[in-house]
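Structure at a glance
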Amino acid sequence: MSDIQYVTKETLEQMKLDLQRMKAVERPAASRAIAEAREKGDLKENAEYDAAKEAQGLLEAKIAALEGSMSNIRVLDESSIDTSKVSILTKVTLTNLSTQKQVTYKIVSEKEADLKAGKISVSSPIGKGVLGKKAGDTAEVQAPAGTMKFKIEKITA
């Protein structure tokens, strides 16, 4: 998994906090749950022990996955973003040419995507379609519902 992920400093800090919480709080809790279940007797017929071991395994997998993704992160400086064209961390105002509805999205990494907050992934159909375009350009986006056309109204940081 050598895919470089671009994130903001805030997202990296949140990832570090999540990792710290998993290692310092959740990992000892999982160990305690296993120890408590072990004290209850025969391990062959102890469903609580099996569940605790499985929960520990899932936690360790989450920790490993987060550490792996953090090793491929590049932090982007929001103050040095080029707003002459659509790129990651720019805000783009689009007009859907078929409905004439206008929307504004911030183009972000997969980890930061949150449609309710107006943040779409750079790898989403709209994100891919508008990437590299300039204000005034028309972008054809291949979406699951078919081809959509968007006019890029403005690009800001």
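Here the structure is a predicted model, which is why all the values come from computation and not from measurement.

Conventions we followed
- Residue positions are counted from 1 within each chain, in the order its sequence is given.
- Only residues with pLDDT of at least 70 are given local features in this predicted model, and only at 80 or more are side-chain atom pairs given and counted; all residues enter the totals for whole chains, interfaces and linings.
- Water and hydrogen atoms were dropped before computing side-chain values, which therefore reflect all heavy atoms in the structure.
- Starting at the N terminus, helices and strands are each numbered in turn, a helix being any DSSP run of H or I of at least four residues and a strand any DSSP run of E of at least two.
- The term salt bridge refers to a pairing of a side-chain nitrogen on Lys or Arg with a carboxyl oxygen on Asp or Glu at a separation within 4 Å.
- Residue exposure (1.4 Å probe, protein chains only): buried if accessible area is under 20% of the type maximum, exposed if over 50%, otherwise partly exposed.
- In short, DSSP must find at least two bridges between two strands for them to pair.

Digging into unusual backbone geometry
- Of note in the backbone geometry, Leu-89 takes a positive phi value of approximately 75° without being a glycine.
- Assignment of secondary structure puts Leu-89 in the loop between strand E2 (73-75) and strand E3 (91-96).
- Residue Gln-100 is not a glycine yet carries a positive backbone phi of 65°.
- Inspection of the secondary structure puts Gln-100 in the loop between E3 and strand E4 (102-108).

So, the pattern of salt bridges
- A full pass over the atoms with the stated rule returns eight salt bridges.
- Residues Arg-21 and Asp-18 are paired through a salt bridge, measuring 3.7 Å at the closest nitrogen-oxygen approach. Within this pair, Arg-21 and its partner Asp-18 are both found in helix H1 (residues 9-38), separated by three residues, close to a single helical turn.
- Between Glu-67 and Lys-23 there is a salt bridge whose closest N-O contact spans 2.7 Å. One end of the pair, Glu-67, is in helix H2 (residues 47-70); the other, Lys-23, is in helix H1, with 44 residues separating them in the sequence.

A closer look at the pairing of strand E6 (residues 138-143)
- Alternating residues of E6 divide into Ala-139, Val-141 and Ala-143, all buried, and Thr-138, Glu-140 and Gln-142, none buried.
- Relative to strand E7 (residues 146-156), E6 runs antiparallel, the two being bridged by six bridges. Considered in E7, the bridge of Gln-142 is made with Thr-147.
- In textbook terms, the turn of a hairpin is the stretch between consecutive antiparallel strands, and for E6 and E7 this stretch comprises two residues.

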